[in-house]
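So you can see what is in the structure, the chains are spelled out below.
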Amino acid sequence: MQRGQLLYVDYHQNSLTEPNGTQVDGASSSGAIARLGLRLQRTFERSAGKKMQFYATANWWHTSTGSTISFDQVQVSSLYPANRYEAKLGLNGDLGKNWSAWSNVSGAWGAQSYHAYVVRLGLKYGW
């Protein structure tokens with residue numbers, strides 16, 4: 001299954017002084033973020049209609065957003081590269097009696113030695 005997503009970000013924050021006296025100025029970000037990806041999934045029917053789904057995704061994230069913020073007049077610019085690549089493996093499952101669980105592990109890479117690794121676990125109750 002192929003996926004695409006387009007987001008537009010426009011964020012501006014007023015200046016503030018933190019309790020420790022640090023002056024925070026110019027927190028802003030604006031521009032477009034695009035994601036193109038591929039998802040492969042397989043759903044298995046377990047006992048009593050409970051399902052379990054395994055999936056793998058690969059995504060390319062591209063951003064043209066510019067973001068700035070300064071702390072005591074020291075400016076920090078965007079922390080993300082313009083192009084990032086992400087891979088994710090996951091599992092979703094019905095546990096019964098309105099309970100479900102999910103988990104995934106992902107990695108992302110980009111220019112300037114950018115990398116991020118994440119493990120997520122979740123439990124959900126629906127009523």
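Our structure is the block above this text.
Keep in mind the model is a prediction, meaning the values are calculated, not measured.

In most cases, non-glycine residues show a negative phi, while peptide bonds are predominantly trans. Even without a glycine there, the phi angle at Gln112 is positive, about 55°. With respect to the helices and strands, Gln112 occurs in the loop between β8 (99–110) and β9 (114–125). Phi angles above zero are rare outside glycine, and Ser113 is one such case at about 60°. Within the element layout of this structure, Ser113 appears in the loop between β8 and β9.

This next bit is on the environment of Ala32. Within the secondary structure, Ala32 is located in strand β3 (residues 23–45). On the basis of relative accessible area, Ala32 is assigned to the partly exposed category, the value being 26%. It is 5.5 Å that separates the C-alpha atoms of Ala32 and Ser64, two residues lying 32 residues apart in sequence.

Here we take up the packing of aromatic side chains. On inspection of all chains with the given rule, the structure shows 4 aromatic pairs. With centroids separated by 5.9 Å and ring planes inclined at 75°, the aromatic side chains of Phe44 and Phe54 adopt a geometry described as edge-to-face. Of the two residues, Phe44 is situated in strand β3 and Phe54 in strand β4 (residues 51–63); the sequence distance between them amounts to 10 residues. On the basis of relative accessibility, which here comes to 35%, the residue Phe44 falls in the partly exposed class.

Rules and cut-offs
Residues numbered from 1 in each chain as written. Predicted model: local features only at pLDDT ≥ 70, side-chain atom pairs only at ≥ 80, totals over all residues. Heavy atoms only, no water. Helix = DSSP H or I, 4+ residues; strand = E, 2+ residues; numbered from the N terminus. Buried < 20%, exposed > 50% of the residue type's maximum accessible area, 1.4 Å probe, protein only. Phe/Tyr/Trp six-rings, centres within 6.5 Å; stacked < 30°, edge-to-face > 60°.

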